[in-house]
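# Examination of the molecular architecture
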Amino acid sequence: AVPGNRRKIWLPMIPLIIGIIYFVSFFVNPDGLLIVTFKIPEIVSFIFAAFMECLILTHLIPSNDNYGDFWNASSIGAGIIDKNGKIKYKSEQSVSVTAEQVIKAQKQAILLDDNVVLCSHAIHGGFCYWTKDISEINQLNRELSDSGDILTEENAMLDAENKLAEERIRIEQQNKLYDDIAKSVSPQLDKLSKLIDEPTQSESDFEQTMKYACILNSYIKRHSNILLLSHQNNRISSGELCLAISESLEYVRLYGIKANFDYQGESLSDGEYILLAYEVFEAALEAAIPGTDAVLVNLKISNDYIRLRIVMNSPAEILSQDFMAEKLSPLCGTLEVEQEQDTEYISLVLHSGGENI
């Protein structure tokens, strides 16, 4: 009935002609090349299948009908619309869509609701559209989001714990440092506390006592400062020692003692060498007061050593020759104390191994 199909009506004759040629050859020459190459069962199977296929192609055997039933029975949510936007086929699983949505979905998938995505593609005479259920994907995303929130909270807790641990370590180190400072200046703190708790009755004696307290307080302040600097950096400037001795001698002058300070050189030295030199200076000073009326200090610093010389006139006490021997020995230091008549000579040499600044 269809003119286009009538033009292909000759197709079923091709396999029949092939079959006739084969069987004629078989009866004429049973041992021929064609007969030997292709066996009868093979030829019969081929001819039958080809003949049936040609009948289908020429529509002599009806096929591919009931498209609507096929779409309705399909488990997918899909449909076909024509160019005018009229739905031609639609499965039972398909959701209601508009032509505008289908056309727009060609370029980018459209989210119809939280769990359904619409896609489409242009075909001959219209558009084919289908939907995807993304509920499982959304569920996975929610689970991943929840997992991400949990991980974020855990990371925040770990960061907080790390910060607390760092802060705890910092406080412990700080407390240890303060304990070391308090321990190292405890003799001066005890003397200062005693001076404050037991003031003298005489105004002149009280003034002199406060001046001596200033000498002790200056040492406590400068010693603590050097100890803090050495805790922050292994090597500190020897200029800190010069400043410490200079400030102490200012209060020595205020106390009424003549004092002179001369220094040469500057380098970076280990903090323990700077501290030891200042401790020897303070010990000699406290031993000489009250009594001495003149103090001469000479400090020479190089990359290899720190040399401190102190000369005191009429000191109250002489510094012990083995003063701080337990600290001097590991640092390869030497301390010499000499006395001639009423003058005390103290010489301290520390091989510091400093560096240029």
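This text follows the structure it describes.
The sections below set out a description of the structure shown in this document. Quick caveat, the model's predicted, so the values are computed rather than measured.

### As for the overall build of the chain
A tally of helices and strands in the chain yields 12 helices and 12 strands. Its C-alpha atoms give the chain a radius of gyration of 54 Å, more than 25% over the compact-globule value 21 Å for 357 residues. Expressed as lengths along the three principal axes of its C-alpha atoms, the size of the chain is roughly 150 × 60 × 30 Å. Residue burial in the chain is summarised as follows: out of 357 residues, 35% are buried. Counted over contacts in the chain with a minimum sequence separation of 6, partners at least 24 positions apart contribute 58%. Approximately 22500 Å² of the chain is accessible, and the part contributed by carbon and sulfur atoms is 56%. Each charge sign in the chain was given a centre, from 29 positive and 51 negative side chains, and these centres are 15 Å apart.

### Overview of the packing of aromatic side chains
All chains considered together, the criterion is met by 6 aromatic pairs. Their ring planes at 85 degrees and their centres at 5.7 Å tell us that tyrosine 22 and phenylalanine 23 sit as a pair that is edge-to-face. Between the aromatic rings of tyrosine 219 and tyrosine 278, the centroid separation amounts to 5.0 Å while the plane-to-plane angle is 40 degrees, which identifies the pairing as tilted. Of the two residues, tyrosine 219 is situated in helix α9 (residues 203–232) and tyrosine 278 in helix α11 (residues 271–288); the sequence distance between them amounts to 59 residues. Among the aromatic side chains, those forming a connected cluster through ring pairs are Tyr219, Tyr278 and Phe281.

### Here we look at helix α4 (residues 40–57)
Between its terminal C-alpha atoms α4 stretches 25 Å, which fits the 26 Å expected from 18 residues at 1.5 Å a residue. Along α4, the residues that are buried comprise Ile43, Ile47, Ala50, Cys54 and Leu55. For α4, the angular spread of the buried residues around the axis is 135 degrees, confining them to a single face. The outward face of α4, more than 90 degrees from its buried face, is lined by the exposed residues Pro41 and Phe48. Looking at the buried positions of α4, the neighbouring elements they touch are α2 (13–28). Just downstream of α4 lies histidine 59, where phi reads positive at about 60 degrees.

### Re a negative patch on the surface
Together, Glu143, Asp146, Asp149, Glu153 and Glu154 line one region of the surface with negative charge. Relative to the helices and strands, aspartate 149 is located in helix α7 (residues 135–184). Exposure remark for aspartate 149: the relative accessible area of 42% places this residue in the partly exposed category.

### Re α11
For α11, spanning 18 residues, the distance from its first C-alpha to its last is 26 Å, which sits close to the expected 26 Å at 1.5 Å a residue. Most of α11 sits inside the fold, with 17 of its 18 residues counted as buried.

### What to know about the sheet that holds strand β12 (residues 343–350)
If you walk across this open sheet you meet the 5 strands as β7-β9-β10-β12-β11, and the pairing is mixed. Of all strands in the sheet, those with a lone pairing partner are β7 (258–264) and β11 (333–340), marking the two edges. The average angle at which neighbouring strand axes cross in this sheet is 10 degrees, direction not considered. Of the strand pairs in this sheet, β7 and strand β9 (residues 294–301) are connected by 7 bridges, and their pairing is parallel. Residue asparagine 260 lies in a different strand from β9, and its bridge partner there is leucine 296. Contacts from helix α10 (residues 239–255) reach β7, β9 and β10 (306–313) within the one sheet, and its direction differs from that of β7 by about 170 degrees. Its contacts with the sheet put α11 on β9, β10, β11 and β12, and the angle it makes with β10 is roughly 5 degrees.

### A closer look at unusual backbone geometry
Omega for the bond connecting isoleucine 289 with proline 290 falls within 30 degrees of zero, at -5 degrees, which places this linkage in the cis form. Phi is positive for serine 314, which is not a glycine, with a value near 55 degrees. In this structure, serine 314 sits in the loop between β10 and α12 (325–328). Its identity is not glycine, yet glutamine 341 carries a phi of approximately 55 degrees, on the positive side. With respect to the helices and strands, glutamine 341 occurs in the loop between β11 and β12.

### Observations concerning a nonpolar patch on the surface
Residues Ile9, Trp10, Met13, Ile14, Leu16, Ile17, Ile18, Ile21, Leu34, Phe38, Phe46 and Leu60 make up a contiguous nonpolar surface patch of about 1100 Å² in total accessible area. Sort the elements by how many residues they give to the nonpolar patch and α2 lands first, with 6 residues. Within the secondary structure, tryptophan 10 is located in the loop between α1 (3–6) and α2. Tryptophan 10 sits in the partly exposed class, given a relative accessible area of 49%.

Rules of the game
Residues numbered from 1 in each chain as written. Predicted model: local features only at pLDDT ≥ 70, side-chain atom pairs only at ≥ 80, totals over all residues. Heavy atoms only, no water. Helix = DSSP H or I, 4+ residues; strand = E, 2+ residues; numbered from the N terminus. Rg over C-alpha atoms; globule rule 2.2 N^0.38 Å. Buried < 20%, exposed > 50% of the residue type's maximum accessible area, 1.4 Å probe, protein only. Contact = heavy atoms within 4.5 Å. Areas by Shrake-Rupley, 256 points an atom, 1.4 Å probe, with all protein chains shown as cover. Lys, Arg positive; Asp, Glu negative; His and termini not counted. Charge placed at Lys NZ, Arg CZ, Asp CG, Glu CD. Phe/Tyr/Trp six-rings, centres within 6.5 Å; stacked < 30°, edge-to-face > 60°. Expected span 1.5 Å × (residues − 1). Arc of directions from axis to C-beta. Patch = residues over 30% accessible without salt bridge, like charges linked within 9 Å, V, L, I, M, F, W, Y side chains within 5 Å. Salt bridge = Lys/Arg side-chain N within 4 Å of Asp/Glu carboxyl O. Pairing = 2+ DSSP bridges. Axes fitted to C-alpha atoms, helices over the stretch in contact; angles between N-to-C directions.

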